[in-house]
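# Descriptive structure summary
For reference, the chains in residue letters:
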Amino acid sequence: MKPIRLALVPCLLAAAIGSAHADPPGLKPLELGASAPDFDLPGVDGANHKLGDYADARALVVVFTCNHCPTAQAYEARIVKMHRDYQPRGVAVVAISPNDPKALRLDELGYTDLSDSFEEMKIRARDHDFPFPYLYDGDSQAVSTAYGCLATPHVFVFDAERKLRYQGGFDDSDVKTPKEHYAIDALEAVLAGRPVARPTSRVFGCSTKWADKRVEAERSIEKWDAEPVAIEPIGLDGVAELARNKGGKYTLVNVWATWCGPCVAELPEFVAMNRMYRGRPFRLVTISLDDVAKKAEALEALKKNHVAAANYVLDSSDRDAFAEALDPAWPGPLPHTLLIAPGGEVVYRKTGGIDPLEVRRAIVEKIGRTY
């Protein structure tokens, strides 16, 4: 997988006013009573899905959601339950990702292992066993604009005639036990033929990543690429102190060398992870096993790859003592990567080339997926 692109807790409140600066001019949610806009979008199941595919449903729920947003992730299980509870009653649930993945900054991905590309949507749907269609609108965003998607998640409930009866949030709390079940209550009213008591609510979640945010994402890369990169020697005592990890951050350590081709090739992946997670209890440390006299060569490789982290070169010729100080379970080959919890426990290790998704998952499962 290619490196993914990452405002730290960027998305807690994108209320019904929408995104602060990048919504299409005049964007507002579909009016109550309006007909459901048509769509023809690719799904993670390999098929295209159209509005007409659900013509027989007694009610249709369209949920705009995405991979990366912690609020959206918090609602996934509830959306799955809605589908399972209401499909036998003739209700169709369709999820649509509105986001342009190229409009996401790396530091907007601090709570996730996946970005919002179509390929990564397939992974999310597979891993979490989505029973409903999960569709991609990130290229044109025409459907998201037509519905007036202000944030993820944003729920639209339509009756049998496909007239909008409710739009807004799923309920009143994503990380606490909800007291108001807006979408479910609206769906029950639609199925019973009653007026919806609360037909709108504010939308809480991550702002929609419209295509015009690509400029901001590109500028963020330019800014990060200009950050200073340095390297300094570290002795065995320093390595042992690093391994004890007395601070409050999870520390990802990558042991590498300029003469190790796979090591250098995967440096950009570590840079992406550092930019994703460093606003949270996380830090990246690299240790070069180049001869300390050739520190300049290691620094050149780090600068070329914009590794603005805590970079060290080992100031010792005793490799066995180094391994014992850092990670006694390490057999010796490069590259070697380990994630150290506060207090010194190694919670992930890999000798050899990494699977970036595997490493990101190890990180986010420890630092947490919610705020």
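Each chain has its residues counted from 1, running along the sequence as written. A pLDDT threshold of at least 70 governs which residues receive local features in this predicted model, and a stricter bar of 80 or more applies before side-chain atom pairs are shown or counted, although totals over entire chains, interfaces and linings include all residues. For the side-chain quantities, the full set of heavy atoms in the structure was used; hydrogens and water were omitted.

### Things to note about the packing of helix α8 (residues 267–277) against helix α11 (residues 356–367)
- One way to put it is that α8 packs onto α11 with a least axis distance of 11 Å and a crossing angle of 20°. On the basis of their axis angle, the class for α8 and α11 is roughly parallel. Like other packed secondary-structure pairs, α8 and α11 cross with a definite hand, here right-handed. Two secondary-structure elements touch here, α8 through E269, M273, M276 and Y277 and α11 through P356, V359, R360, I363, V364 and I367. Every axis corresponds to a line fitted to the C-alpha atoms, with the helix fit spanning only the stretch in contact, and the corresponding angles, defined between N-to-C directions, vary from 0 to 180 degrees. Segments assigned H or I by DSSP are reported as helices when at least four residues long, segments assigned E as strands when at least two residues long, and all are numbered from the N terminus. Our angle categories are set so that under 35 degrees counts as roughly parallel, over 145 as roughly antiparallel, 65 to 115 as roughly perpendicular, and the remainder as oblique. If you view the pair so one helix is near and one far, a crossing is left-handed when the near helix is turned anticlockwise from the far one by less than a right angle, and right-handed when it is turned clockwise. The contact criterion used is simple: two residues touch if any of their non-hydrogen atoms lie within 4.5 Å.

### Here we look at the sheet that holds strand β11 (residues 250–256)
- Taking strand neighbours across the sheet as the criterion, the six strands line up as β10-β13-β12-β11-β14-β15 in an open arrangement whose pairing is mixed. The open sheet terminates on both sides in strands that have one partner only, identified here as β10 (232–234) and β15 (346–351). The sheet shows a mean angle of 25° between the axes of neighbouring strands, direction not considered.
- Of the pairings in the sheet, the one linking strand β12 (residues 282–288) to strand β13 (residues 310–314) comprises four bridges and is parallel in character. Looking across to β13, one finds that I287 is bridged to Y312. Between any two strands, at least two bridges found by DSSP are needed for them to pair.

### Observations regarding unusual backbone geometry
- In this structure, P153 follows T152 across a cis peptide bond, with omega equal to 0°.
- As for its placement among the helices and strands, P153 is situated in the loop between β6 (151–152) and β7 (154–158).
- Put simply, L334 and P335 share a cis peptide bond, and its omega is -10°.
- Positionally, P335 belongs in the loop between α10 (319–326) and β14 (336–340).
- Phi is positive for D129, close to 55°, though the residue is something other than glycine.
- Along the chain, D129 falls in the loop between α2 (118–127) and β5 (134–136).
- The phi torsion at R162 lies on the positive side, around 65°, for a residue other than glycine.
- Considering the arrangement of structural elements, one finds R162 in the loop between β7 and β8 (164–168).

### Focus on the confidence of the model for the protein chain
- In this model, the protein chain carries an average pLDDT of 94, and 94% of its residues clear a pLDDT of 70 or more.
- As a per-residue measure, pLDDT reflects the predictor's confidence and takes values from 0 up to 100. Predicted confidence is poor over residues 1–21, with pLDDT under 50, and the contacts of this stretch with residues over four places away or in other chains come to 73 contacts.

### Looking at the environment of G52
- Its location among the elements puts G52 in the loop between β2 (48–50) and β3 (59–64).
- Sequence separation between G52 and D40 is twelve residues; the distance between their C-alpha atoms is 9.3 Å.

### Focus: the state of the cysteines
- Working definition: a disulfide is two cysteine sulfur atoms within 2.5 Å of each other. One pass over the full model with this rule turns up two disulfides.
- The residue that forms a disulfide with C69 is C206, at a sulfur-sulfur distance of 2.3 Å. Handedness of the C69-C206 disulfide follows from its S-S torsion of about 85°: it is right-handed. Of this pair, C69 sits in the loop between β3 and α1 (70–86) while C206 sits in strand β9 (residues 206–207); the two residues are 137 residues apart in sequence, bridging distant segments of the chain. This pair shows no difference in class: C69 is buried, exactly as C206 is.
- Between the sulfur atoms of C260 and its disulfide mate C263 the distance is 2.2 Å. Around the S-S axis, the bridge from C260 to C263 shows a dihedral of about 80° and counts as right-handed. The buried label goes to any residue with under 20% of its type's maximum accessible area, the exposed label to any with over 50%, and the partly exposed label to all in between, with areas taken from a 1.4 Å probe on protein chains only.

### Focus on α11
- Taking 1.5 Å as the rise per residue, α11 with twelve residues should run 16 Å; its terminal C-alpha atoms sit 17 Å apart, in good agreement.
- For α11, the set of buried residues is P356, L357, V359, R360, A362, I363, V364 and I367.
- Where α11 is buried, its residues contact α2, β11, α8, β12, β14 and β15.
- The term polar contact refers here to a pair of N or O atoms within 3.5 Å; inside protein, the definition further demands a hydrogen-donor-capable atom paired with an acceptor-capable atom, and it admits residues adjacent in sequence only when both atoms are side-chain atoms. Structurally, the start of α11 carries an N-cap: the backbone nitrogen of L357 is 3.1 Å from a side-chain oxygen of D355.
- Positive backbone phi, approximately 100°, marks G368, located one or two places after α11. The span you would expect from a helix comes to 1.5 Å times its residue count less one.

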